[in-house]
Amino acid sequence: MGTMPIPKLLLTMSGPMMISMFIQALYNVVDSMFVSYISEAALTAVSLAYPMQNLMIAVATGTGVGVNALLSRNLGEKNYSMANRVAGNAIFLGLVSYVVFALLGLLGSRFYFSVQVEDPNIIALGHDYLSIVTVLSIGCFGQVLLSRLLQSTGKTFYSMVIQMVGAGLNLVLDPIMIFGLLGFPKMGVAGAALATVISQLAGTALGIYYNLRKNPEIQFSLSTLRPSKPVISRIYGVGIPSILLQTVSSVLIFGLNQILVAFSETATAVYGVFFKLQGFAFLPIIGMNNGMVPIIAYNYGAQKPERIHKTIRLGMVYAVAIMVVGLLVFQLIPKELLRMLDAMLEIGAPALRIMSLAFVFAGIGIVSGSSCQAFGYSVYSMLISIARQIVVLIPAAYLLSLTGVLRSIWFAFPIAEIFSLILSLFFLRTTLKKTGMALPKAK
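Nothing here was measured: the structure is a model prediction, and the numbers come from that model. One numbering rule holds for all chains: residues counted from 1, following each sequence as written. Local features are withheld for residues below a pLDDT of 70 in this predicted model, meaning they are given only at 70 or higher, and side-chain atom pairs are given and counted only at 80 or more; totals for whole chains, interfaces and linings count all residues. Where side-chain values are given, they derive from all heavy atoms of the structure, hydrogens and water being excluded.

Draft legend 1. Representation of the layout of surface pockets within the structure. A pocket here means an open set of points on a 1 Å grid, computed over the protein atoms alone, that has protein on both sides within 12 Å along at least five of seven lines. A cavity is instead a set of points where a 1.4 Å probe fits but cannot get out; residues with an atom within 4 Å of a point line either one. Grid points are joined across faces, edges and corners, and a volume is the space filled by probe spheres set on the points. One number sums up the size of the largest pocket: a volume of about 270 Å³. The helix count covers DSSP runs of H or I at least four residues long, the strand count covers runs of E at least two residues long, and both are numbered beginning at the N terminus. Breaking the lining of the largest pocket down by element, the ones donating at least two residues are α3 (80-114), α5 (138-152) and α7 (189-213). Residue polarity follows a fixed list, in which Ala, Val, Leu, Ile, Met, Phe, Trp, Tyr, Cys and Pro are nonpolar, Asp, Glu, Lys and Arg are charged, and the others, Gly among them, are polar. Each residue belonging to the lining of the largest pocket can be placed in one class, and the counts come to 10 nonpolar, 4 polar and no charged.

Draft legend 2. The pattern of salt bridges, seen in detail. Basic side-chain nitrogens of Lys or Arg form a salt bridge, by our definition, when they fall within 4 Å of a carboxyl oxygen of Asp or Glu. Inspection of every chain in the model, using the stated rule, returns 2 salt bridges. Put simply, E217 and K155 hold a salt bridge, and the shortest N to O gap is 2.7 Å. A residue pair is termed long-range when its members are at least 10 positions apart, and E217 in the loop between α7 and α8 (222-225) and K155 in the loop between α5 and α6 (156-179) qualify at 62 residues. With a 1.4 Å probe rolled over the protein chains alone, any residue whose accessible area is under 20% of its type maximum counts as buried; one over 50% counts as exposed, and the rest are partly exposed. Judged by its relative accessible area of 32%, E217 falls in the partly exposed class. Salt-bridge contacts for R388 lead to E417; the nearest nitrogen and oxygen are separated by 3.9 Å. Of this pair, R388 sits in helix α16 (residues 378-401) while E417 sits in helix α18 (residues 412-434); the two residues are 29 residues apart in sequence, bridging distant segments of the chain. Residues R388 and E417 agree in their burial class; the two are buried.

Draft legend 3. Quick peek at the packing of aromatic side chains. In this scheme Phe, Tyr and Trp rings, the latter by its six-membered ring, pair at centre separations within 6.5 Å, and the angle between planes marks the pair as stacked below 30 degrees, edge-to-face above 60, and tilted otherwise. Scanning all chains against the criterion turns up 12 aromatic pairs. Summarising the aromatic geometry, the rings of F34 and F179 are spaced 6.2 Å apart at their centres and angled 70 degrees between planes, so their arrangement reads as edge-to-face. Placement of F34 in helix α1 (residues 6-35) and of F179 in helix α6 is noted, with a sequence separation of 145 residues between them. Ring plane angle 80 degrees and centroid distance 5.2 Å describe the contact between F330 and F359, whose orientation is recorded as edge-to-face. Residue F330 is found in helix α12 (residues 305-332), and its partner F359 is found in helix α15 (residues 359-374); the two are separated by 29 residues along the sequence. Residue F359 is classed as buried on the basis of its relative accessible area, which comes to 1%. Among the aromatic residues, those joined into a ring-pair cluster are Y271, F274, F330, F359 and F413.

Draft legend 4. Molecular detail of unusual backbone geometry. For L182, which is not a glycine, the phi torsion comes out positive at approximately 55 degrees. Mapping L182 onto the fold places it in the loop between α6 and α7.

Draft legend 5. Looking closely at the environment of G183. On the secondary structure map, G183 appears in the loop between α6 and α7. Once the C-alpha coordinates of G183 and V360 are considered, the two residues, 177 residues apart in sequence, prove to be 47 Å apart.

Draft legend 6. Seen up close, the packing of helix α2 (residues 40-76) against helix α11 (residues 279-301). For helices, the axis comes from a line fit to the C-alpha atoms of the stretch in contact; other axes are also lines fit to C-alpha atoms, and the angle between any two N-to-C directions lies between 0 and 180 degrees. Between α2 and α11, the shortest axis-to-axis distance is 8 Å and the interhelical angle comes to 40 degrees. As for how α2 packs across α11, the hand of that crossing is right-handed. Between α2 and α11, the contacting residues are N68, A69, S72, R73, L75 and G76 on the first element and N290, V293, P294, A297, Y298 and Y300 on the second. Here the residues of the contact of α2 with α11 are counted per class, giving 7 nonpolar, 4 polar and 1 charged. Crossing handedness is read from the near helix: turned anticlockwise from the far helix by less than a right angle, it gives a left-handed crossing, and turned clockwise, a right-handed one. Working rule for contacts: check all heavy atoms of both residues, and any pair within 4.5 Å makes them a contact.

Draft legend 7. How the structure looks around the environment of K155. Under the relative-accessibility criterion, K155 is labelled buried at 16%. When the C-alpha atoms of K155 and L277 are compared, they prove to be 28 Å apart, with 122 residues separating the residues in sequence. For K155, the residues in contact, after removing those within four places along its chain, are L150, K214, N215, P216 and E217.

Below, the structure is given as structure tokens:
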């Protein structure tokens, strides 16, 4: 972390994470792909469930970001006893988070759908799906947090394997449990949910094995599992802004669904499809950022600013390259992407082309926000996300909806991303100055 050349280190740390995040996107896309063959109502139900599902993932990954940054920094400072305590408290926080979401799913999933739609079929299908993925969500939290512990010590290959096994198993189980193959009962959307949670539990089991047998830098004991207020405060000092950042995405999806459903339920389903497909462009960047955060945090602890500068610059170059590829795919073959999910082409193809214009501006903004997180200034990432998705995107979408033309709403996405790019670069420059890691001025 402190000596390997940055290009090689970034690829070593981020490559497996980019692949694993790319594979992670398959969970929702595969669920949607198979569910779309049941009915449009089933696809709409799964799309409407996604904000709550995304909130659960936000808590898991946000906690993981806090654990990752704090653990990597302590390892960089050679403070191994604190690193072990951070790892133990990560497990404790995962269990607490699971209990909270299990109760929410058990008691509130039907109400969640009833406030969005009136169709009893969509409400019933959505309740079946959401109650299962929340009540049995311990695998979601376990898989994410155990992967982050491996990533924090540089063992990103094992983290990638965990994700690949989970996603691969989900791909196999989905058609079997949805359509009743190989002697299984035909379960519909409930089968899609069960396939997801079983796959996550398999990833969790593998994560336990790898951390106990392949991760000697971290030593678990009952004492490290005991909750520590100072450790939890420091984890969430970084993690809460990240959780809120992703929670904003849930608010965005929920808000846009309310705007789009006034036009048609099909428009809602199309946006749900886009949100999941865009993961194939965005999640590799998020995976790269997951590799960047411990590199920056470690070298910040080791006071090596030149390595930090190189990491940020190279991360931006990679992010822009990934976004350009994503843009070209969405511009050139939107109909083929939509046919894969059996979505409405007349509405969907123009929507994908317009919304994907935001990709051009997104890469640098995402890297800038993650760099702020690595220095402990996660609040800047939160402010960028809130500004983009709540302050700009939803109001812009609402104002454009007043034209009465559905196509106009999609332009809110590139508008919001331009604003986000400007703000993120400003906050990155501010963070570098505050930490004493400012980039050297060109001569």
